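Chain by chain, the residues run as shown.
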Amino acid sequence: MATGGAGDVLTGIMAGLIAQHLPPTKAAPVSVYLHGLAGDIASKKLNKYSLLASDIIDSLNEVLSI
């Protein structure tokens, strides 16, 4: 999760939630949770040592359909 672009993915998730009128105080923890869960799913499918930001994005679809 400490790769280039992972923070941008987190920021994008948060911005999307705020754009849907979720207050920032609620959007922040929800964003962190979704980002972490997507990272966990991606690392189980792939390899945690070569995880890319795009892998987190790809796993968000699975997270949001749970």
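Keep in mind that what you see is a predicted model, and the values were worked out from it rather than measured.

## Examining the nonpolar core
Right, so step 1: The biggest cluster of nonpolar side chains holds 14 residues, and the ones touching the most others in it are Val9, Ile13, Ala38, Ile56, Leu60 and Val63.
Right, so step 2: Of all elements in the fold, only helix H1 (6-19), helix H2 (24-45) and helix H3 (53-64) reach the threshold of two or more residues within this core.
Right, so step 3: Top element by residues in this core is H2. It accounts for five residues.
Right, so step 4: Residue contacts for Ile56: discarding those within four places in its chain leaves Met1, Ala6, Val9, His35, Ala38, Gly39, Ala42 and Leu51.

## Description of the side chain of Asp55
Right, so step 1: For Asp55, the location among the structural elements is in helix H3.
Right, so step 2: Buried charge without a partner: Asp55 forms no salt bridge, and the closest opposite charge is Lys45, 9.5 Å away.
Right, so step 3: What Asp55 contacts, discounting residues up to four positions off in sequence, is Ala42, Leu46 and Ser50.

## Regarding H2
Right, so step 1: Its 22 residues place the ends of H2 31 Å apart at the C-alpha level, agreeing with the 32 Å of an ideal helix rising 1.5 Å per residue.
Right, so step 2: Among the residues making up H2, those that are buried are Ala27, Ser31, Leu34, His35, Ala38, Gly39, Ile41 and Ala42. For H2, the arc enclosing every buried residue in end-on projection is 165°, short of the 170-degree limit, so these residues lie on one face. Opposite the buried face of H2, at more than 90 degrees from it, the exposed residues are Thr25, Tyr33 and Lys44.
Right, so step 3: Buried residues in H2 make contact with H1 and H3.

Calculation criteria
- Residues numbered from 1 in each chain as written.
- Predicted model: local features only at pLDDT ≥ 70, side-chain atom pairs only at ≥ 80, totals over all residues.
- Heavy atoms only, no water.
- Core = buried A, V, L, I, M, F, W, Y, C linked by side-chain atoms within 4.5 Å.
- Buried < 20%, exposed > 50% of the residue type's maximum accessible area, 1.4 Å probe, protein only.
- Helix = DSSP H or I, 4+ residues; strand = E, 2+ residues; numbered from the N terminus.
- Contact = heavy atoms within 4.5 Å.
- Lys, Arg positive; Asp, Glu negative; His and termini not counted.
- Salt bridge = Lys/Arg side-chain N within 4 Å of Asp/Glu carboxyl O.
- Expected span 1.5 Å × (residues − 1).
- Arc of directions from axis to C-beta.

Geometric descriptors of this kind do not, in isolation, establish any biological role.
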